[in-house]
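One-letter residues, chain by chain:
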Amino acid sequence: MGTQLKRIAFHTMGCKLNYAETGTISRDFISHGFEKVGFREKADIYVVNTCSVTENADREARKLIRQAKRRNPESLVAVIGCYAQLKPQEISSIPGVNIVLGHSQKFNLLQHLANLETTAAPTVFQDDINQVDSFKPSYSAGERTRAYLKIQDGCDYSCSYCTIPLARGKSRNNSILNTLKTARELAGTGTREIVLTGVNIGDFGQGNEENFFQLIQELDKLEQIDRIRISSIEPNLITDDIIEFCAGSRKFMPHFHLPLQSGSDEMLALMSRRYNRQLYTDRILKIKEILPAACIGCDVIVGFPGETRKHFLETYSFLNELDISYLHVFTYSERSGTKAPSFGGLVPGEERAERSKMLHILSTKKRHAFQEKFIGKKRQVLFESLINGELRGHTDNYIQVQVKDDSASINSILPVILDSNSDFGMIGSLTAESF
């Protein structure tokens, strides 16, 4: 790769963890004199950080690769991430791809590109994920208001539908001391809010001398950071201690995301999940008991093999009755290397689509009902963007707010009266009243 190649563009797919890792990789290039540009701009190098949770994610990655090559036929295209780890040869066969890096190699992208022959056949660097035990600290950059901090990677669980352990390997993390070092570095960038991310963050420490509860106690002492959010955490790993600590903290926000996947105990067993309906219910009740204003989101999968109409309606009824705030709905997608495709009881595509639509409607209903409780109430909002003269941001309990006032500045935290619901989230107005 010649030194004249200086413009680089990144596109990140999937989870917050990918965004944290892209941020660290991009800073490496910038520190070596590269100019970071938008993915839709003409660049010398395009990097696609892929997801592979569903077949749709794989398809989207292939489309992005083709688009990049059309923007600049002379560019180099590098593909990293979960899809690159799981199906490197499939990716290398896509016209225009120059290099494919598995998870253990993606942070060495700069070095690999330096040695790349542009006229050579696509190069693949992929190690056995089961042999990977290193942890690379990462955080997203460039979004001053909120940043994603990677605290954990990999997963020791074996859910029957999930490829993540195959793509990212075993659960691992840095020490609390080193995690705090990275968090302080991130705090020095002017970020007001940190989101803790990983594959299975509640498994931090893997049952050894350190654990997730100890980590958040130390992170709570961080200076320069006003807000900390816990991203998705398994229901069986969010303990009373964690919930009670967050309730008493001024930094940890009243916002939790607990994946459910199904409201049927029979389906949960088939999915190899480590909890049942009762445990999930208990976690929701505990959160709402001591944090009644908390926003609670959940993930749910529709169309899992063997999911009958009865199972689905059991899930729908369970979710309808739970005091949750929104849903992330995923349509089941068969993934090679997982157990679920062998179960039988395949759900037709049109039935999966209908069930997904029903839960998306339920999610909208849940979100509006949650927000309705705060009409006329005052919440602190971290403003993140200014669009057409409107400030936009999130409350502490994760309600999206737009204020028709541009007198405040982005990256400020100000009290706002929540006036009404909207399709966007809620409409509010700035107030001089303090809390």
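To be clear, the structure that these remarks concern was listed above.
Everything numeric in this text was worked out from a predicted model, so none of it was measured. Counting from 1, residues in each chain are numbered in the order their sequence is written. Reporting in this predicted model follows two pLDDT cut-offs: at least 70 for local features of residues, and 80 or more for side-chain atom pairs to be given and counted; totals over whole chains, interfaces and linings ignore these cut-offs and use all residues. Side-chain descriptors were evaluated using all non-hydrogen atoms of the structure, hydrogens and water having been removed beforehand.

**Student:** Go over the overall build of the chain with me, naming the residues and quoting the values.
**Tutor:** The secondary structure content of the chain amounts to 13 helices and 18 strands. Every radius of gyration here is taken over C-alpha atoms, with the globule rule written as 2.2 Å times N^0.38, N being the number of residues. Taking 22 Å as the expected radius of gyration for a compact globule of 435 residues, we find that the chain reaches 22 Å, a close match to that expectation. Seen through its C-alpha atoms, the chain measures out along the principal axes to roughly 60 × 55 × 45 Å. Residue exposure (1.4 Å probe, protein chains only): buried if accessible area is under 20% of the type maximum, exposed if over 50%, otherwise partly exposed. Put simply, the chain has 435 residues, and 54% of those count as buried. Every residue pair with non-hydrogen atoms within 4.5 Å of one another is taken to be in contact. A sequence separation of at least 24 residues applies to 73% of the contacts in the chain between residues at least 6 apart. By the criteria applied, helices consist of DSSP H or I runs no shorter than four residues and strands consist of E runs no shorter than two, each listed in order from the N terminus.

**Student:** I'd like to hear about the side chain of Arg62, residue by residue, with values.
**Tutor:** Checked against the element boundaries, Arg62 lands in helix H2 (residues 55-71). Separated by 2.9 Å, the side chains of Arg62 and Tyr83 make a polar contact. Excluding residues within four positions of it along the chain, Arg62 makes contact with Glu55, Tyr83, Glu90 and Ile94. Polar contacts here mean pairs of N or O atoms no more than 3.5 Å apart (in protein, one a potential hydrogen donor and the other a potential acceptor; neighbouring residues in sequence count only if both atoms are side-chain atoms).

**Student:** Describe in detail the sheet that holds strand S3 (residues 45-50), supporting the description with residues and values.
**Tutor:** Any two strands between which DSSP finds at least two bridges are classified as paired. Taken in spatial order, the six strands make up an open sheet running S2-S1-S3-S4-S5-S6, and their pairing is parallel. Each of the sheet's edge strands pairs with one partner strand only, and the pair in question is strand S2 (35-37) and strand S6 (123-125). Put simply, the sheet's adjacent strands are angled 20° from each other on average, direction ignored. Sheet topology note: the strand S5 (residues 99-101)/S6 ladder contains three bridges and is parallel. When the bridges of S6 are listed, Val100 appears paired with Val124. Between the N-to-C directions of two axes lies an angle of 0 to 180 degrees, each axis being a line fitted to C-alpha atoms and, for a helix, fitted only over the stretch in contact.

**Student:** I'd like to hear about the pattern of salt bridges, residue by residue, with values.
**Tutor:** Side chains bearing opposite charge may pair, as long as their charged atoms lie close to each other. Here, a salt bridge means any side-chain nitrogen of Lys or Arg that lies within 4 Å of a carboxyl oxygen of Asp or Glu. On inspection of all chains with the given rule, the structure shows 28 salt bridges. Ionic pairing is found between Lys63 and Glu60, a salt bridge with its closest N-O pair at 3.3 Å. Placement of both Lys63 and Glu60 in helix H2 is noted, with a separation of three residues, approximately one turn of the helix. When its relative accessible area of 36% is taken as the criterion, Lys63 is described as partly exposed.

**Student:** Lay out the packing of helix H8 (residues 212-219) against helix H9 (residues 240-248) in plain terms, naming residues and giving numbers.
**Tutor:** One way to put it is that H8 packs onto H9 with a least axis distance of 10 Å and a crossing angle of 10°. Judged by the angle between their axes, H8 and H9 are roughly parallel. You can see that H8 and H9 cross each other, and the crossing is left-handed. The segment H8 lies against H9, with Phe212, Phe213, Ile216 and Gln217 engaging Asp241, Ile242, Phe245 and Cys246. Here the term charged refers only to Asp, Glu, Lys and Arg, the term nonpolar to Ala, Val, Leu, Ile, Met, Phe, Trp, Tyr, Cys and Pro, and the term polar to all other amino acids, Gly among them. The residue inventory of the contact of H8 with H9, partitioned by class, reads six nonpolar, one polar and one charged. Note on terminology: angles under 35 degrees are roughly parallel, angles over 145 are roughly antiparallel, angles of 65 to 115 are roughly perpendicular, and the others are oblique. Crossing handedness is defined as follows: a turn of the near helix away from the far one that is anticlockwise and smaller than a right angle gives a left-handed crossing, while the clockwise case is right-handed.

**Student:** Let's hear about unusual backbone geometry: which residues, and what values?
**Tutor:** Even without being glycine, Gln224 reaches a positive phi, approximately 75°. Of note in this structure, Gln261 is not a glycine but carries a positive phi near 80°. With respect to the helices and strands, Gln261 occurs in the loop between strand S11 (255-257) and helix H10 (265-270).

**Student:** Explain the packing of aromatic side chains to me, and be specific about the residues and the numbers.
**Tutor:** Ring pairs shown here join Phe, Tyr and Trp side chains whose ring centres sit within 6.5 Å, with only the six-membered ring taken for Trp; geometry is labelled stacked below 30 degrees between planes, edge-to-face above 60, and tilted in between. Tallied over the entire structure, the rule returns 13 aromatic pairs. Relative to Phe252, the ring of Phe245 lies with its centre 6.1 Å away and its plane at 65°, an arrangement referred to as edge-to-face. Of the residues examined, Phe252 reaches a relative accessible area of 3% and is grouped as buried. With 5.2 Å between their ring centres and 70° between their planes, Phe370 and Phe374 make a pair best called edge-to-face. An aromatic cluster is present here, built from Tyr161, Phe304, Tyr332 and Phe343 joined pairwise through their rings. Here the basic side chain of Lys6 rests over the ring of Phe34, its NZ or CZ set 5.2 Å away from the ring centre. Placement of a positive charge over a ring is assigned whenever Lys NZ or Arg CZ falls within 6 Å of the ring centre and within 35 degrees of the normal to the ring plane. Lying across the ring of Tyr139, Arg27 places its NZ or CZ 3.7 Å from the centre.

Shape descriptors only; they carry no functional weight alone.
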